[in-house]
Amino acid sequence: MQTQKAPTYLKAITLRDYSDVHGVKEDIKKGMILVLRVTPLAQKNVDELRKAVEEIYNIAKNADADIARLGEERIIVTPSGVKIWRAEYDLK
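Per an unreviewed UniProt entry, the recorded name for the protein is Cell division protein SepF, and the organism is Candidatus Nitrosotalea okcheonensis.

And the structure:
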């Protein structure tokens, strides 16, 4: 009998305030793929955005997740086992 693997979910989140980082942390722990829209927080407070992104980066790295920027407005975080392609990678 085959065992069914739990699905991996993709979730889009808009960061409006530094307090949103807590929810992002919980979603990273759950192994979700996250697309974070950072523009509202950037328009509100750049220092707060910088602090939030730094914390999310550290959380992702501690969870063996991958994290990258998607253009000017978004950040993507993927769980362990899902890697983000970057131009410098040679996929041959």
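(A) Highlighting the packing of aromatic side chains. Evaluated as defined, the whole model comprises zero aromatic pairs. Lying across the ring of Tyr-18, Lys-51 places its NZ or CZ 4.5 Å from the centre.

(B) The layout of surface pockets, seen in detail. Estimates place the volume of the largest pocket at around 170 Å³. Val-38, Leu-49, Val-53, Tyr-57, Ile-67, Ala-68, Arg-69, Glu-72 and Ile-75 are the residues that line the largest pocket. Contributing elements (two or more residues each) for the lining of the largest pocket: α3 (46-62) and β3 (66-70). Taken together, the residues of the lining of the largest pocket sort by class into seven nonpolar, no polar and two charged.

The rules behind each value
In this convention, every chain numbers its residues from 1, walking through the sequence in written order. Selection of residues for local features in this predicted model requires a pLDDT of at least 70, selection of side-chain atom pairs for listing and counting requires 80 or more, and totals for whole chains, interfaces and linings are taken over all residues. Neither water nor hydrogens contribute to the side-chain values; these are computed over all heavy atoms in the structure. Pairing of aromatic side chains requires ring centres within 6.5 Å, counting the rings of Phe and Tyr and the six-membered ring of Trp. Pairs whose planes differ by under 30 degrees are stacked, by over 60 edge-to-face, and all others tilted. Either the NZ atom of lysine or the CZ atom of arginine qualifies as a charge over a ring when it sits within 6 Å of the ring centre and within 35 degrees of the ring normal. Points on a 1 Å grid over protein atoms alone make up a cavity when a 1.4 Å probe fits among them but cannot get out, and a pocket when they form an open set with protein on both sides within 12 Å along at least five of seven lines; lining residues each have an atom within 4 Å of a point. Grid points are joined across faces, edges and corners, and a volume is the space filled by probe spheres set on the points. Here a helix means four or more residues in a row that DSSP labels H or I, a strand means two or more in a row labelled E, and each is numbered from the N terminus. When residues are grouped by polarity, Ala, Val, Leu, Ile, Met, Phe, Trp, Tyr, Cys and Pro land in nonpolar, Asp, Glu, Lys and Arg in charged, and all others, Gly among them, in polar.

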